[in-house]
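Read off the chains here:
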Amino acid sequence: MVRTGQKRRGGGKMAAPEERDLTQEQTEKLLQFQDLTGIESMDQCRHTLEQHNWNIEGLLGWGYYLIMLPFRFTYYTILDIFRFALRFIRPDPRSRVTDPVGDIVSFMHSFEEKYGKAHPVFYQGTYSQALNDAKRELRFLLVYLHGDDHQDSDEFCRNTLCAPEVISLINTRMLFWACSTNKPEGYRVSQALRENTYPLLAMIMLKDRRMTVVGRLEGLIQPDDLINQLTFIMDANQTYLVSERLEREERNQTQVLRQQQDEAYLASLRADQEKERKKREEREQKRRKEEEVQQQKLAEERRRQNLQEEKERKLECLPPEPSPDDPDSVKIIFKLPNDSRVERRFHFSQSLTVIHDFLFSLKESPEKFQIEANFPRRVLPCIPSEEWPNPPTLQEAGLSHTEVLFVQDLTDE
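Here the structure is a predicted model, which means the values were calculated and not measured.

Undergrad: How would you summarise unusual backbone geometry if you had to cite specific residues and measurements?
TA: Looking along the chain, the bond that leaves Tyr198 and enters Pro199 is cis, with omega of -10°. Considering the arrangement of structural elements, one finds Pro199 in the loop between helix H8 (184-193) and strand S3 (200-207). A cis amide bond, omega -10°, links Phe375 with the succeeding residue Pro376. Turning to its location among the elements, Pro376 is positioned in the loop between strand S7 (369-374) and strand S8 (377-379). Phi at Leu138 takes a positive value of approximately 55°, unusual for a residue other than glycine. Position of Leu138 among the secondary structure elements: in the loop between helix H5 (127-137) and strand S1 (140-146). Even without glycine at this site, Arg194 takes up a positive phi of about 55°.

As structure tokens, then:
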């Protein structure tokens, strides 16, 4: 409705200086918008209209909604009380949701059978999944609740929801979830959104860290009005999504930085642990080597001590040396490996073992050795063996009264 020649609030005041540059049509729209909204500031009214290209028709729906809000609140409060009491008397079978995805798929099939396949892309999942995806992707979620028995549902679906320009807007700028309230999943969502009439469209987005309904469109609406109001809602709330994207990006960067720091710390810790492990291994190897060396020294010391004790025993057990005038004595000159000479007398009846024990008791003799005669050249069997279990006597070995025997060192063999 266009009103002309009408006085502004507060009497017949003249228009403000900034109104003089407006056309007659813009002035009429400005006055009409001010009368509808009750906003005193002419600058604010003009600024609002300029933001929407002086499209007052797109804003009238909101004005009507604000005017009718008190009446709607009273009516639907009473209706909710009645519904609440009715649930105790006769529980609604739709309150039990057993197959939410099946409810969505069934509605999609029935919608396409009735209205065709030219429609906004339906979200093929539960309402909770749609909320989670919209939250994760920071997108608007448009929820449509279809009342099968409502008189305006068919016209809305055929002429508005399936209009090409509406389909394009929804598919490019938001997720779209829809279900019939005759289905348990749709009924459950209708209880959460507290619908007043059908068709119902609810715009949901992440606002202040939680999913919030930022716009509701109820009742029959034409395609152009639907596009204008959806665009108005998104433009009015776009800053929240931008802010959330920036905060999320900052959180992600902080998380990535913290993760990189943690990885660097763990890498440094692993490197330090590896160094410490190698140091422990080196210390352990060094300790084992030192123990081995010490054990070898102790073993060598015990071996030498045992050898010395054995030499002393052999020396103590040697029979007395015969006198030079004893006719049965044998004078033997031993040539040792170090070119030194040792001389001693033995008795013809004594075993060759005595010769060996004598040489063994000497300090300068090797640990292992054999005794060789030169004429004829042979090794004397001084130590018991398989061939000579009982070594022969000097006489049996064919030694003469004076002999030169050679000591052959066998220690390294």
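Undergrad: Give me the pattern of salt bridges: which residues, what numbers.
TA: Considering all chains together, one arrives at 25 salt bridges under this definition. Linking Glu310 and Arg313 is a salt bridge whose minimum nitrogen-to-oxygen distance equals 2.1 Å. Linking Glu310 with Arg313, this pair stays in helix H9 (residues 223-317), spanning three residues, or about one helical turn. Each of Asp133, Arg136, Glu137 and Arg139 takes part in salt bridges that share partners, so that together they form one network.

Undergrad: Report on the sheet that holds S7, specifying residues and quantitative values.
TA: The mixed open sheet is built from five strands, whose spatial order is S6-S5-S9-S7-S8. Among the strands making up the open sheet, the edge pair consists of strand S6 (341-347) and S8. Taking each pair of neighbouring strands and ignoring which way they run, the sheet shows an average axis angle of 30°. Sheet topology places strand S5 (residues 329-335) next to S6; seven bridges connect them, and they run antiparallel. Along S6, the bridge assignment pairs Ile332 with Arg344. Sheet strands touched by helix H10 (residues 352-361): S5, S6, S7 and strand S9 (402-409). Its angle to S7, the strand with the most contacts, is close to 120°.

Undergrad: Let's hear about the packing of aromatic side chains: which residues, and what values?
TA: For the structure shown, the criterion picks out ten aromatic pairs. With a centroid separation of 5.2 Å and 80° between ring planes, the pair formed by Phe111 and Phe122 is classed as edge-to-face. Here the residue Phe111 occupies a position in helix H4 (residues 100-115), and Phe122 occupies one in the loop between H4 and H5, the gap between them amounting to eleven residues. The exposure class of Phe111 is buried, given its relative accessible area of 2%. Ring centres of Phe334 and Phe358 lie 5.8 Å apart, and the angle between their planes is 40°; on these two criteria the pair is classed as tilted. Residue Phe334 is located in strand S5, and its partner Phe358 is located in helix H10; the two are separated by 24 residues in the primary sequence. Across the pair, Phe358 and Phe334 agree in class, each one buried. Here the aromatic residues Phe107, Phe111, Tyr115, Phe122 and Phe176 are joined through ring pairs into a cluster of three or more. Taking NZ or CZ as reference, Lys311 lies 4.7 Å from the ring centre of Phe360, over its face. The cationic tip of Arg344 hangs over the ring face of Phe346; the distance from NZ or CZ to the ring centre is 4.8 Å.

Undergrad: Can you explain the environment of Met203? Please cite residues and give values.
TA: Assignment of secondary structure puts Met203 in strand S3. For Met203, a relative accessible area of 1% gives the class buried. Between the C-alpha atoms of Met203 and Leu175, which are 28 residues apart in sequence, the distance is 9.9 Å. In contact with Met203, not counting residues within four places along its chain, are Phe140, Leu141, Leu142, Met174, Thr212, Val213, Val214, Gly215, Leu230, Ile233 and Met234.

Undergrad: Quick rundown of helix H7 (residues 164-173)? Include the residues and the values.
TA: Listed as buried for H7 are Val166, Ile167, Leu169 and Ile170. Angular distribution of buried residues about the axis of H7 spans 165°; they occupy a single face of the element. Exposed residues lying more than 90 degrees from the buried face of H7 are Pro164 and Thr172. Contact partners of the buried residues in H7: S1, helix H6 (153-161), strand S2 (174-180) and H9.

Undergrad: Kindly report on the environment of Phe111, identifying the contributing residues and their values.
TA: Separated by 68 residues in the primary sequence, Phe111 and Cys179 place their C-alpha atoms 9.5 Å from one another. Residues within four places of Phe111 in sequence aside, it is in contact with Gly116, His119, Phe122, Cys157, Leu161 and Cys162.

Undergrad: Could you give an account of a nonpolar patch on the surface, with specific residues and numbers?
TA: A surface patch of nonpolar side chains, amounting to about 280 Å² of accessible area, comprises Tyr265, Leu266 and Leu269. By the secondary structure assignment, Tyr265 is in helix H9.

Undergrad: How would you sum up the pairing of S9? Please name residues and give values.
TA: Pairing between S5 and S9: five bridges, direction parallel. Bridge pairing in S9 links Phe334 to Leu405. Where S7 meets S9, five bridges bridge the pair, whose relative direction is antiparallel. Across the sheet, Glu372 pairs through a bridge with Phe406, a residue of S9.

Undergrad: Any chance you could break down the sheet that holds strand S4 (residues 210-218) for me, citing the residues and the numbers?
TA: Strands sit in the order S2-S1-S3-S4 across an open sheet of four strands; the sheet is mixed. On the outer flanks of this sheet lie S2 and S4, each paired with one strand and no other. On average, each strand axis in the sheet is tilted by 25° relative to the strand beside it, whichever way the strands run. In this structure, S3 lies alongside S4, joined through eight bridges in antiparallel fashion.

The rules behind each value
- Residues numbered from 1 in each chain as written.
- Predicted model: local features only at pLDDT ≥ 70, side-chain atom pairs only at ≥ 80, totals over all residues.
- Heavy atoms only, no water.
- Helix = DSSP H or I, 4+ residues; strand = E, 2+ residues; numbered from the N terminus.
- Salt bridge = Lys/Arg side-chain N within 4 Å of Asp/Glu carboxyl O.
- Pairing = 2+ DSSP bridges.
- Axes fitted to C-alpha atoms, helices over the stretch in contact; angles between N-to-C directions.
- Contact = heavy atoms within 4.5 Å.
- Phe/Tyr/Trp six-rings, centres within 6.5 Å; stacked < 30°, edge-to-face > 60°.
- Buried < 20%, exposed > 50% of the residue type's maximum accessible area, 1.4 Å probe, protein only.
- Lys NZ or Arg CZ within 6 Å of the ring centre and 35° of its normal.
- Arc of directions from axis to C-beta.
- Patch = residues over 30% accessible without salt bridge, like charges linked within 9 Å, V, L, I, M, F, W, Y side chains within 5 Å.
- Areas by Shrake-Rupley, 256 points an atom, 1.4 Å probe, with all protein chains shown as cover.

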